[in-house]
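Examination of the molecular architecture
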Amino acid sequence: MAEQSGLEELWLWEDCFLGGGIATTATALASTERLRVGIGVLPVPLRTVAATAMEIATLERLFPGRGVWCVGHGVQDWMGQIGARAESPVTLLREYVDALRGLLAGERLTTDGRYVRLDDVALDWPPAQAPDIISAATGPRTLRLVGEIADGAILTAGTSAAALRRAVALLSEGRAKGDRSGSGRVLANLSTATGPDALERLRADMLRMGRESIDGVGAADEDGVGVAGDAHAVADAVARLADAGADTVILQPTADADPIDFIRFAAEQVRPLVP
């Protein structure tokens, strides 16, 4: 439906303990010809950097340039459940992103980091062109790090336009420190509900995600988070995030939404309203 309706990108998740991100992304890519498929995000403690590099390289060779690859700390409680919680998630993310980029660029690496240790490792079949590596970021320290080491940042749903502006400033600080050229892509998730009882469903969904205070949901001011309403209300919310610095806005449906109906709504009603 996403490809037939003309959407540019379809975004999937890898939340514990639901579907695997690599498997679902591969299935979506294999089922389409044009659609770009993003995975937001692959938790770095969940699999070794060599395994992640092998999976991404395979899909990049099969479907060049159609995957959008995002990594991140992962939800720390979930990482604790599987025995993979890092004492210093920031250190792990830095080591992981640096190694992942090197492996996908065809480099042979020997590293002895706190978490990432490689001994003469190189991919036999790296992608023809190394893809961008985007990282999730929340707090100030991680935002600066992501600006320094990654090719872009993906921000969680519940990020208001005002918070996005602050995040963009912190990412810029990191890019300056890392002497990285270009602005770096900024992606923002937007919790979205439409149809009957949209506001109530959105409020319930955000509470399930642990957001106890959601004042401003659907509001026109830039401090609002999430949007509930018709296509015009959603497009206005997208525009506010774009004005705040988002290059891509990912509409995140509520858990009870029918995915096909939501994709059709996004493609046929919202997308034409967004420049």
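Note: the structure precedes this text.
This one's a predicted model, so the numbers in the text were calculated from it and none came from an experiment.

1. A look at the overall build of the protein chain
- The secondary structure content of the protein chain amounts to 10 helices and 10 strands.
- Against the compact-globule benchmark of 19 Å for 275 residues, the protein chain has a radius of gyration of 19 Å, which places it among compact chains.
- For the protein chain, the spread of C-alpha atoms along the principal axes amounts to about 55 × 40 × 40 Å.
- Considering only contacts in the protein chain between residues 6 or more positions apart, those separated by 24 or more positions represent 70%.
- For the protein chain, the accessible area works out to roughly 13,300 Å², and carbon and sulfur atoms hold 51% of it.

2. Here's the deal with a nonpolar patch on the surface
- Together, Phe17, Leu46 and Ile82 make up an exposed nonpolar region whose accessible area comes to about 260 Å².
- Mapped onto the fold, leucine 46 is located in the loop between strand E2 (36–43) and helix H3 (49–62).
- The class for leucine 46 is partly exposed, based on a relative accessible area of 33%.

3. What to know about the packing of H3 against helix H5 (residues 89–104)
- At a closest axis distance of 9 Å, the pairing of H3 and H5 adopts a crossing angle of 40°. Classed by the angle they form, the pair H3 and H5 counts as oblique. Crossing of H3 against H5: the hand is right-handed. Counting all contacts with H3, which are made through Val49, Ala50, Thr52, Ala53, Ile56 and Ala57, the residues of H5 involved are Tyr96, Ala99, Leu100, Leu103 and Leu104.
- For the contact of H3 with H5, the per-class residue count stands at 10 nonpolar, 1 polar and no charged.

4. Remarks on the pairing of strand E3 (residues 67–72)
- Buried residues dominate E3, accounting for 6 of its 6 residues.
- Of the two faces of E3, the one lined by Gly67, Trp69 and Val71 and the one lined by Val68, Cys70 and Gly72 are each fully buried.
- Between the parallel elements E2 and E3, the chain passes through H3 in a crossover that is right-handed.
- Inspection of the sheet shows E3 paired to strand E6 (residues 133–136) by 3 bridges, in the parallel sense. Within E6, the residue paired with tryptophan 69 across the bridge is isoleucine 133.

5. A word on the side chain of glutamate 148
- Assignment of secondary structure puts glutamate 148 in helix H6 (residues 140–149).
- If near-sequence neighbours (up to four positions away) are discounted, glutamate 148 is found in contact with Arg94, Gly174, Arg175, Lys177, Gly178 and Arg180.

6. Some points on the side chain of histidine 73
- With respect to the element layout, histidine 73 can be found in the loop between E3 and helix H4 (76–81).
- By relative accessible area, histidine 73 is classed as buried at 16%.
- Separated by 3.3 Å, the side chain of histidine 73 and the backbone oxygen of proline 89 make a polar contact.
- There is a polar contact of 3.2 Å between the side chain of histidine 73 and the side chain of threonine 142.
- Excluding its chain neighbours within four sequence positions, the residues that come into contact with histidine 73 are Val44, Pro45, Met79, Pro89, Val90, Leu93 and Thr142.

7. Describing the pairing of E6
- The two faces of E6 match: Ile133 and Ser135 on one face and Ile134 and Ala136 on the other face are all buried.
- Regarding topology, H6 serves as the crossover connection from E6 to the parallel strand E7 (residues 152–155), and that connection is right-handed.

8. What about the nonpolar core?
- Among the nonpolar cores identified, the biggest contains 66 residues, and Val49, Val71, Leu100, Leu104 and Leu251 are the most heavily contacted of them.
- With near-sequence residues (within four places) excluded, leucine 100 lies in contact with Val49, Thr52, Ala53, Ile56, Val71 and Ile133.
- Listed in part, the 9 residues of the second largest apolar core include Trp11, Ala136, Ile154 and Ile250.

Each value, and the rule that gives it
Residues numbered from 1 in each chain as written. Predicted model: local features only at pLDDT ≥ 70, side-chain atom pairs only at ≥ 80, totals over all residues. Heavy atoms only, no water. Helix = DSSP H or I, 4+ residues; strand = E, 2+ residues; numbered from the N terminus. Rg over C-alpha atoms; globule rule 2.2 N^0.38 Å. Contact = heavy atoms within 4.5 Å. Areas by Shrake-Rupley, 256 points an atom, 1.4 Å probe, with all protein chains shown as cover. Patch = residues over 30% accessible without salt bridge, like charges linked within 9 Å, V, L, I, M, F, W, Y side chains within 5 Å. Salt bridge = Lys/Arg side-chain N within 4 Å of Asp/Glu carboxyl O. Buried < 20%, exposed > 50% of the residue type's maximum accessible area, 1.4 Å probe, protein only. Axes fitted to C-alpha atoms, helices over the stretch in contact; angles between N-to-C directions. Parallel < 35°, antiparallel > 145°, perpendicular 65-115°, else oblique. Left-handed = near helix turned anticlockwise from the far one by under 90°. Nonpolar A, V, L, I, M, F, W, Y, C, P; charged D, E, K, R; others polar. Right-handed = clockwise from strand over helix to strand, strands pointing away. Pairing = 2+ DSSP bridges. Polar contact = N/O pair within 3.5 Å; in protein donor to acceptor, adjacent residues only side chain to side chain. Core = buried A, V, L, I, M, F, W, Y, C linked by side-chain atoms within 4.5 Å.

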